[in-house]
Each structure stands twice: as C-alpha cells, then as structure tokens.
Amino acid sequence: MNFDMNDHSKNYPNAAGHFGPYGGRYVAETLMPALIELEAACKTHLPDPVFQKELSLLLKHYTGRPTPIFFAQRLTLSLGGAAIYLKREDLAHTGAHKINNTLGQTLLARWMGKKKVIAETGAGQHGVATATTAALFGMECKIFMGVEDIKRQAPNVKRMELLGAEVIPVSSGTGTLKDAMNEALRYWVSAVRDTFYVIGSVAGPHPYPFMVREFQKIIGEEAREQMMEIAGRLPDLLVACVGGGSNAMGLFFPFIADKDVEMLGAEAAGTGIESGKHAATLCAGSVGVLHGSKSYVLQTPSGQIQEAHSISAGLDYPGVGPEHALFKDIKRVRYTAITDQQALDAFSALCRLEGIIPALESSHALAAAMEEAKKRPKDQIILVNLSGRGDKDLGIVGPLL
Amino acid sequence: MNRLKQTFENLKKKNDRALVGFVTAGDPDVDTSLKLIKAMCENGVDILELGVPFSDPSADGPVIQRSSLRALKHDVSLKTVMSMVRKIRKFCDIPIIIFSYYNPILAYGARKFQPDSLAAGADGVLVVDLPLEESTELTSMWEDREFSLINLVAPTTPKDRMAKIAAASSGFLYMVSKTGVTGSDGLDTSKIGEQMKILRSVTNFPVCVGFGISTAEDVAAVAAMADGVVIGSAFERLIEENIDHPELIARMGNQTAAYKAATNLKKS
C-alpha cells in the first residue's frame, strides 16, 4: 500500500474521506448535503486562529487541560518490568476524554449557526459530555441511548437529565450503542436542516473520523511534550482501549511518524473471542459497512451486523473507526483483545495500588499494558491512556469483585 | 428494450403512472412473501422493489425495521432474495428492483452481485446507503450489461447535485418526498411539486416519488406530478396487521388494486 507515514495527516483521509480502502460516506442521500456542509465548515473553521483560540481557552479553563501524566510506581513495581505511566484523561471535566471532542464539535456547531445538537451514547460518557457542552453553549440537546445501556449506566442518565438534555430510550435492535446510533441517524435525517449530530468516536461517515481525530489528538500532543519533560524521551509503547477508537486515535495520532514508538490497541474480548461474546472488531471481524463508513465490523456471513458483548458499555460496539482498520492492515498499530475478567483484575489492581478508580473501558488498556510490562525490561516506558474514571461502573463491578 | 423502459412507455400511452410496490423479501416467511408478491402482481403493481432484510436499517422507520427483523428470523439473506426473484419470474414479468443496504451486497460479493441478479431475473438495484460519491466502487465492477442503478434524490439535494445524480443513474430516479425515514407521516404535495419542478429541469428520466405515501388519495395526488408512486411502509403495515389473518393475501391484493386505481390520471 502506498502510505507515507511522515505525511499521514496530509494524505489521510483523502478528499473523498477514505483511509486507504476504508472510511467514506455510506449514508442516505438526505444526509449527504449535511456531510458536505460539515466538511466545508471543518475546512473553514478548524484552521481559523480565532476558533482555535476559543477552543484552547475552553480546553484549559473549562475542561482542565492539560491533563497530567502520572508514573504508576507501585503498579510498575508489582509487575517487575517496564515502567507504566498514565495519561490522566479521567481527570478531564466530566471524567473522560469524550469532552475534548464534544467541546470541539459543539463549538463548531455554534460557529455554523446550529442551535440544536443530538448524540448517541453507549456508556453514557459521550452523552454526558455532549449534554455538558450543550448546556455551556445554551443549546437544545437530545441524547439517544439504548434501553440496555440505560439500565446498566443509570447514573449517567441522571447526569444528562440534570444537564438539561432529553434522553431518548432506544429499544430497537439490541438496545445498545449501535441501535442508539441508528436511531440518532434516523432522527438526524428528519431534522438535518437545523441540527448538528455530535458523533462520539472516530467512526461514522466522513468527515467525522477526521474531525474527531482533530479534536482528540490533543491527548497525544500533550503526552509527547510531557514525556519529554518527565523522562527526556518518548515512550516505547502506547496503549489505549479501542471501542470506536477515539481515545486511542487521540493518543496515537501525534506519534504516527515516530517509528520507534510501538502502539497497542486493546479491544474487548468479553467472555473470550472463542465464546462469540465479544466486541473485538479488529481482532475477529471482517470488512463491511456500518453507520456510514467502511471498516471492520462484526457480522454474519450474509452481512447482518452481530451484537457485541463487553462488560464495558463503551467498548460494546460491533464497528470500529476506519483509520484503525488502516493501521491494522499496514501494521502500524497492533490490536489485541482483553477479556472481561482481565479488565476487572486490572481495575482492582489500579484501585488498590494507585488509588485511582479507572473506567472499565480504560481497564482494558491497563490490562494489556500490564501484560506487556511483565515481558519488557525495566528501562522501557509504557504510556497508557487512562481514558476515563470508573465511578460510573461501580454498579457493575460491585457484585463481581 | 428493457423492462423498466417498456413499463414507463406503456404507462405513458395509457396516461397512467407506475405503482411501485416495496415489500421486504421473506416477510413474514419466504412462502407467504411469494404469495403476497403474486397478489400484488395480479392486482396491478407495475414495478416491484424487493427489500433485502438488514439488521441495522438506519434509513427506515419502525414498520420496515420490524419487517426486516421478521424476515431475519428465517435467515433471509441476499442469496434467498435471488432465489425468490427466480421464483417470481415464473409468474410475473414486471421490472424487479433489488432494494438493499450496502453491507449485505458487500458480504455477498460486490463483483458477482450484478451477473447473479441478472441471471435471477432482476432489472436493477437501489442501495439505500450508497450515495453518488461511493457508487462507482460497485458499478465499476459491473459487466457491460443492462442493469439499472436507481439513485435517490432528497429534499436536501441541491439542483447541481440533482443533475450529477441523474447523470449517473439509469432506469428511473427515486425522489424522496420528505426529510425523514420511511413510513413517517406528513405528506406535503406542494413541496413535492416544487422539488419535482427543479428535478424535471435537470433530467428527462422518469421520476418515482416515495416516503410517507399511504392512502389512495396520496397516490392520486402524487401521480398527478410524478411518473411513479412508491408504496412501502403501507404495504408492510398491512402485512404486520394481518399477519395471522386468513385473508392476508386477499387483503394485499385488494389494497394493491385500490392504489393502482388511483395512479390513472383519467380515472382520478
């Protein structure tokens, strides 16, 4: 494949929104003009210094950026191998990296003159982050959420409502994130003229994978500088969990041209890939089209989308961002799968050894990093994206630990 | 001459418009579905849109979503749909358009989709989530044989884009009557008229209008402006409401006849 890693940001996506064979805009015609309008708005406003200034002030004073990097010393010692550092996205306002993206997108919506926003949500973190920034800008906000997720993430439903958003339960299909996204797309088709759809991951039709990467890459940009300050060099390995893949893309992207920096994406293996109950799209899926872009998906031989399974609602998605599909094919990023149990073990370890309660999503990254740390010498550095905090997961982990 | 072209020409001579009937293939099961289609054909449907069931129909409203789920309970795949087309060809010679989301076609094999569809007796395809920008990846694989790609034009589509879509189409153009999913109500015939005027100014293709058309009155109103009227959710609602009724097939026939009576401009 013709791929210039040093020039990645210029080449990918191409003008049609394709990342190699992936990405694109596979949507109903009704939405195409809105996507073309959004793409034009990205080109005009994102590079605008006034827009960038407004966004960076909000990221600093509202979100609390830069988020710190913390050396997990006791965790590192307990494993006896490479040093583990944590990029503390859990300390961002609303408790996860999601706010980087929603702040960017709602600000863009405002610059485009749109007064209504909608979003889909799985774990509820993206929904909370969208409701938050919608409140900040005084926008009307509707959040689509699967009925199954509403049950298992009740505190986040309450949060969204407190923030003034309307939470719309989605009972079609499997009542999870993919169905919430279907329903958000259906609603958007009917309200496309005045409504901005805030997609929560580097998935969906072009320009979303590109735009969300632009808003999340601040994670990796900060991390580069911080690691140089802390350790005087770049990490040997970056680890992040991958559902749709936005926190991973945010961390990885600014390091893409650093050939000595390895990258590892941790998908959810659920109760094990062989059990069929998992969400390991890149590890065990095949190429297909879902929610507007071509990428890897979990599907039957006849092309029906399969239900994903994970203890973590945020990873419970049968698709993945198209740029990750490209990174898998060109072997720039390695993808592995972590079971529910491995994630729970990592969750407990971080609670007890570091006094940090991680999100179950981030616990997958942590588990993968802990495996790697054991195999690597002590002078190596592993940087884990601790993408969110785990308060929302207490109802799930409580009975299991 | 191909079936689509022939159909529109014949109708024009009679000052009639096409009744385009959509059903989800294999709803509620393959045998009943074939009987329903036979009843539609015998009662005047001019063009059949045969829907390939999909697990994630993000452009469809609840009625067609449920029809997809019913068909998927019987594992109806694109392969099943092809075999249904073969069976339909034994009793009926109207144009058949395969109506699908893109993923089932990709999973079937984008390359063999066209020759297999033609061999089964289909006349074209409409891929809901394959807009102009992405469609060449499918059509570039096609053999140089007559097989129509039916494209959609939406109320949000600007005029210059309409022209580009028309240039890349064959068979007919499907004009979406409103922003929204299939089966939503609130048909606005004056808006359809405005949109039609713009579309007619950029193309000579036959135009069929769909989304939100459910009564014979709706059909008559739209037939006055368009070359064809598409009924989908209303047929699926009839199937759903009569699913266990012994008169299901007869009711489908009667309903088709009622719609067909409304397409002829002389009568209405």
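Worth saying up front: this structure is predicted, and the values here are computed from it rather than measured. (Residues numbered from 1 in each chain as written. Chains lettered and ligands numbered in written order. Predicted model: local features only at pLDDT ≥ 70, side-chain atom pairs only at ≥ 80, totals over all residues. Heavy atoms only, no water.)

A. Fine view of the sheet that holds strand β7 (residues 166-170) of chain A. All names here are of chain A. The strand order across the open sheet formed by four strands is β7-β6-β5-β8, and the pairing between neighbours is parallel. Where the open sheet ends on each side, the last strands, each with one partner, are β7 and β8 (195-198). Neighbouring strand axes in the sheet, compared pairwise and without regard to direction, differ in orientation by 25 degrees on average. Most of the contacts of helix α5 (residues 98-111) go to β8, to which it runs at about 165 degrees, and overall it touches β5 (116-121) and β8. (Pairing = 2+ DSSP bridges. Helix = DSSP H or I, 4+ residues; strand = E, 2+ residues; numbered from the N terminus. Axes fitted to C-alpha atoms, helices over the stretch in contact; angles between N-to-C directions. Contact = heavy atoms within 4.5 Å.)

B. Inspection of the nonpolar core at higher detail. Residues Leu108, Trp188, Phe196 and Tyr197 of chain A together with Phe172 and Tyr174 of chain B are the most contacted members of the largest nonpolar core, which totals 80 residues. With sequence-adjacent residues up to four places away left out, Tyr174 of chain B is seen in contact with Glu49, Phe99, Leu126, Ile150, Asn151, Leu152, Val153, Cys208, Gly210, Phe211 and Val230 of chain B. (Core = buried A, V, L, I, M, F, W, Y, C linked by side-chain atoms within 4.5 Å. Buried < 20%, exposed > 50% of the residue type's maximum accessible area, 1.4 Å probe, protein only.)

C. Expanded view of the interface of chain A and chain B. With 33 residues of chain A in contact, the opposing surface of chain B contributes 37 residues. The largest per-residue losses of area from chain A upon contact with chain B belong to Glu29, Arg186 and Gln304 of chain A, which jointly make up 25% of the total buried on that side. Arg161 of chain B is the salt-bridge partner of Glu29 of chain A, the closest N and O atoms lying 2.8 Å from each other. Summed over the shared surface of chain A and chain B, the result is 20 residue pairs in polar contact (both at pLDDT 80 or more). Going through the elements one at a time, α2 (32-45), α9 (177-191) and β11 (286-290) of chain A are the ones with two or more residues in the side of chain A that touches chain B. A total of eight residues in the side of chain A that touches chain B trace back to one element, the largest contributor, which is α9 of chain A. By residue class, the composition of the side of chain A that touches chain B is 14 nonpolar, 11 polar and eight charged. (Buried area = accessible area lost by both parts, 1.4 Å probe. Salt bridge = Lys/Arg side-chain N within 4 Å of Asp/Glu carboxyl O. Polar contact = N/O pair within 3.5 Å; in protein donor to acceptor, adjacent residues only side chain to side chain. Nonpolar A, V, L, I, M, F, W, Y, C, P; charged D, E, K, R; others polar.)

D. Quick look at the environment of Pro209 of chain A. All names here are of chain A. The topology assignment puts Pro209 in helix α10 (residues 208-216). Looking at Pro209, the relative accessible area reads 4%, which means it is buried. Between the alpha carbons of Pro209 and Gln52 there is a distance of 19 Å; along the sequence they are 157 residues apart. When neighbours within four sequence positions are excluded, Pro209 is seen to be in contact with Phe19, Val202, Ala203, Gly204 and Pro322.

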